[in-house]
Amino acid sequence: MASPQRKHKVTVIGSGNWGTTVAKLVAENTREHPDLFEEEVQMWVYEEEVVIPSSSPHFDPEIGEKPQKLTSIINTHHENVKYLPKIKLPTNIVANPSLVDAVKDSNILIFNLPHEFIGNICKQIKGKILPYARGISCIKGVTVTDDKIELICEFIGEQLEIYCGALSGANIASEIANEMWCETTIAYNTPPCDKRAVNGTNGTANGEPVEEHLDSRGQIIRTKLTPLPHVYPPLDHAEISALFSRPYFTVSMVSDVVGVSLGGALKNIVAIACGFVEGHGWNMTAKTAVMRRGMLEIIQFAREFYPQTIQEKTFWEESAGWGDMIVSCTSARNWRYSKMAVERGVPIEEIERTELNGQKLQGISTSREVSSFLRARGAEDRYPLFKMVSGIIDGKVKVEDIPSLFRK
Ligand SMILES: NC(=O)C1=CN([C@@H]2O[C@H](COP(=O)(O)OP(=O)(O)OC[C@H]3O[C@@H](n4cnc5c(N)ncnc54)[C@H](O)[C@@H]3O)[C@@H](O)[C@H]2O)C=CC1
Ligand SMILES: O=C(CO)COP(=O)(O)O
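Rules used in this analysis
- Residues numbered from 1 in each chain as written.
- Chains lettered and ligands numbered in written order.
- Predicted model: local features only at pLDDT ≥ 70, side-chain atom pairs only at ≥ 80, totals over all residues.
- Heavy atoms only, no water.
- Near = heavy atom within 4 Å.
- Polar contact = N/O pair within 3.5 Å; in protein donor to acceptor, adjacent residues only side chain to side chain.
- Areas by Shrake-Rupley, 256 points an atom, 1.4 Å probe, with all protein chains shown as cover.
- 1 Å grid on protein atoms, 1.4 Å probe; cavity = no way out; pocket = protein on both sides within 12 Å on 5 of 7 lines; lining within 4 Å.
- Sits in = over half its atoms within 2 Å of the grid points.
- Helix = DSSP H or I, 4+ residues; strand = E, 2+ residues; numbered from the N terminus.
- UniProt positions renumbered as here; feature names shortened; annotations may be inferred.
- Buried < 20%, exposed > 50% of the residue type's maximum accessible area, 1.4 Å probe, protein only.
- Contact = heavy atoms within 4.5 Å.
- Salt bridge = Lys/Arg side-chain N within 4 Å of Asp/Glu carboxyl O.
- Axes fitted to C-alpha atoms, helices over the stretch in contact; angles between N-to-C directions.
- Parallel < 35°, antiparallel > 145°, perpendicular 65-115°, else oblique.
- Left-handed = near helix turned anticlockwise from the far one by under 90°.
- Nonpolar A, V, L, I, M, F, W, Y, C, P; charged D, E, K, R; others polar.
- Pairing = 2+ DSSP bridges.
- Points joined across faces, edges and corners; volume = space filled by probe spheres on them.

1. Here's the deal with the site of ligand 1
Thinking step 1. Near ligand 1 there are 24 residues, and of these N17, W18, A173, K360 and Q362 occur at the shortest range.
Thinking step 2. G19 places a main-chain nitrogen or oxygen 3.0 Å from an oxygen atom of ligand 1.
Thinking step 3. Taking K140, its main chain carries an N or O atom lying 2.9 Å from an oxygen atom of ligand 1.
Thinking step 4. Burial of ligand 1 by the protein chains amounts to 90% of its free accessible area of 840 Å².
Thinking step 5. Judged by the fraction of its atoms near the pocket grid, ligand 1 is located in the largest pocket.
Thinking step 6. Residue contributions to the shell around ligand 1 peak at three residues, all from helix α1 (residues 17-32).

Laid out in structure tokens, this is it:
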């Protein structure tokens, strides 16, 4: 069989705390696997003007405290001084302020930005990406429109008519950026039309594009997938794993997009609850009760709304399940800043605005979106913790009321 003439080209869409960290580890891997990947990794940056403080080693007295474009700072100093300061980035990351330009030649698109922006991103690049591009969503959230809820990876897949998997786990960006070891879970169901038979042909009959596939709820959806041309190396679990695995980042490949996506999205609601609990002055034992209840509601949600496709073992066996729940409720941003909100007696959105320097708390909007979805279906009372968290965020319920959920 002739060796492939082209290599996979990667774009990371998003450059926040996690977006930049994932760009770093992926760029290390594209260098390490030149047989599979183009070395250069494009990183789309939501452009903004940033001041480099005089205390920074990148401070230039000639520029002084004049704001500079974030893309130009990243490409000059190889550091995202705003969202991932003090971390040296590989020089093969190219920060690009043009979304359309950043994605145009890439067949692997890594979506990594706060979930509220994904609709607008998809609108901008629809029809402007390679038809055989494949996606991995590192986004923790869901999209809710009217009373319809969608996993982010499915939303991306439908909007862009591509296949998109999901990466999620007990992952704190700053730790991984500092190369402190942890693990993650990637759910990726290689489309049949991308499977290569031993003789190099497609795995599907006649190599025809797959036009129908089951979505995560077991319903048939008609997304016309264009097969990955054979001028590229294969793109299956081994190659996806090679793209994300680092000595400090262990990847577990699975097929359960529902468990991986819902675990990552819904634990943010529970993390906010744990922040409220701790901010109130209760401690680990109270937080454990909230985590236990939260996991029950996550599993109940998955069973109720994704009955045909959920693989419950994901919640028990994978980093994207209990692992993410524990780390999120003890050391991540949604927990930390909801605790601060209660300690200071101010709304959590005020803390997000004043303390996070542009970073986002995904749990706030996820809590509201999930509650509105449940309310529209008359199901809110069956998810008392989810309901209470959105009530507290909106100032309708008090943190002191949390124990009432547990009284029979
Ligand atoms: N930070 C972490 O430790 C982890 C985050 N995640 C998930 O990764 C996803 C991305 O989060 P982070 O990279 O941490 O983001 P972040 O919260 O650090 O940064 C916010 C990002 O949003 C961008 N932005 C602001 N306005 C925008 C707009 N109108 N359109 C598009 N982008 C805009 C900013 O430029 C910035 O890059 C989230 O879903 C989060 O839950 C997952 C695992 C770990
Ligand atoms: O997803 C995360 C931990 O696994 C990060 O959560 P935060 O967005 O709350 O920091």
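So much for the structure itself; the text now carries on.
2. Things to note about the UniProt feature "active site" (unreviewed entry) in the protein
Thinking step 1. Feature annotation in UniProt assigns "active site" (unreviewed entry) to the following positions: K267.
Thinking step 2. Residue placement: K267 occurs in helix α8 (residues 257-280).
Thinking step 3. On the accessibility criterion, K267 (6% relative accessible area) is buried.
Thinking step 4. If sequence neighbours within four positions are ignored, K267 has contacts with K140, L262, I298, D324, M325 and S328.

3. Description of the pattern of salt bridges
Thinking step 1. All told, the structure shown has 24 salt bridges when counted by the stated rule.
Thinking step 2. One salt bridge in this structure joins K140 and D324, with 2.9 Å as the shortest N-O distance. Of the two residues, K140 sits in the loop between β7 (134-137) and β8 (142-145) while D324 sits in helix α11 (residues 319-331), which places them 184 residues apart along the sequence. Accessibility classification places K140 together with D324 in one group, the buried group.
Thinking step 3. Within this structure, K24, E28, E32, E179 and R246 form a network of salt bridges that share partners.

4. Describing the packing of helix α9 (residues 284-305) against α11
Axis angle and axis distance: for two packed helices, these are the angle between their axes and the distance between the axes, and together they describe the pair.
Thinking step 1. Remark: α9 packs on α11, axes separated minimally by 11 Å, with the N-to-C direction vectors making an angle of 140 degrees. With respect to α11, the axis of α9 lies oblique. The two elements α9 and α11 cross, and the hand of that crossing is right-handed. Along the contact surface, α9 presents M284, K287, M291, R292, G294, M295 and I298, while α11 presents G321, W322, M325, I326, C329 and T330.
Thinking step 2. Considered class by class, the residues forming the contact of α9 with α11 number eight nonpolar, three polar and two charged.

5. Some thoughts on the sheet that holds strand β1 (residues 8-13)
Thinking step 1. Ordered in space as β5-β2-β1-β6-β7-β10-β11-β14, the eight strands form an open sheet in which the pairing is mixed. Both outer strands of the open sheet, β5 (93-96) and β14 (249-254), are each paired with one neighbouring strand and no more. Between one strand and the next, the sheet's axes are offset by a mean angle of 25 degrees, whatever the strand orientation.
Thinking step 2. Strand direction decides the pairing type here: strand β6 (residues 108-111) and β7, joined by four bridges, are parallel.

6. A short note on the layout of surface pockets
Thinking step 1. Considered as a void within the structure, the largest pocket measures approximately 1100 Å³ in volume.
Thinking step 2. Residue lining of the largest pocket: 46 residues in total, with N17, W18, P114, R333 and K360 positioned closest to the centre.
Thinking step 3. When residues of the lining of the largest pocket are traced back to their parent elements, those giving at least two are α1, α4 (118-125), α6 (173-177), α8, α11 and α12 (333-344).
Thinking step 4. The element contributing the most residues to the lining of the largest pocket is α12, with five residues.
Thinking step 5. By residue class, the composition of the lining of the largest pocket is 20 nonpolar, 18 polar and eight charged.

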